[in-house]
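Per-entry structural report
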Amino acid sequence: LGGKGKEGAQSQALEVARGRAVERAGGDVQYYSIEELTSDPPFPDGVDAARREMYLTDEDFRSVFNMSKEEFDDMPGWKKELLKRKKGLF
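Think of each chain on its own: its residues are numbered from 1, step by step along the sequence as written. A pLDDT threshold of at least 70 governs which residues receive local features in this predicted model, and a stricter bar of 80 or more applies before side-chain atom pairs are shown or counted, although totals over entire chains, interfaces and linings include all residues. Water and hydrogen atoms were dropped before computing side-chain values, which therefore reflect all heavy atoms in the structure.

Structural notes on the environment of Val29
Comment: elements are numbered from the N terminus, with helices defined as DSSP H or I runs of at least four residues and strands as E runs of at least two. In this fold, Val29 is placed in the loop between strand E2 (21-23) and helix H1 (34-38). Among the residues examined, Val29 registers a relative accessible area of 41% and is labelled partly exposed. Note: C-alpha distance between Val29 and Tyr55 (26 residues apart in sequence) is 9.2 Å. Each residue's exposure class comes from its accessible area (1.4 Å probe, protein chains only) as a fraction of the maximum for that residue type: buried when under 20%, exposed when over 50%, partly exposed otherwise.

Have a look at this one:
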């Protein structure tokens, strides 16, 4: 059979720490600029379009949303969606 490894971890980006960083196979953490994440698709390889905000560095995230990723995570889903729409990340 195919021998995919641990649920295909070699081929998929994994979210860690409640989605605060994106870890790729091999342990590399990949971030993108707000410009790359708000441009028209296709987005950078491996980016989950529904969670583009999590590919921002902590500093860029705070600059864009005026809050930490932890504060954002604690918000109700409808508020997150509204903020993401305003910033072009939805």
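Here's the deal with the side chain of Glu53
Structurally, the position occupied by Glu53 is in the loop between H1 and helix H2 (58-65). Two residues qualify as a contact provided that any one of their heavy atoms is within 4.5 Å of a heavy atom in the partner residue. Residue contacts for Glu53: discarding those within four places in its chain leaves Phe61, Phe65, Lys69, Phe72, Lys84 and Leu89.

Points about the pattern of salt bridges
We define a salt bridge as a contact between a side-chain nitrogen of Lys or Arg and a carboxyl oxygen of Asp or Glu at a distance within 4 Å. One pass over the full model with this rule turns up 3 salt bridges. Residue Lys69 pairs with Asp58 through a salt bridge whose shortest N-O separation is 3.6 Å. Of this pair, Lys69 sits in helix H3 (residues 69-73) while Asp58 sits in helix H2, and the two are 11 residues apart along the sequence. Measuring nitrogen to oxygen at the nearest pair gives 3.0 Å for the salt bridge that ties Arg85 to Glu81. Within this pair, Arg85 and its partner Glu81 are both found in helix H4 (residues 77-86), separated by 4 residues, close to a single helical turn.

Nothing here speaks to function; it is geometry throughout.
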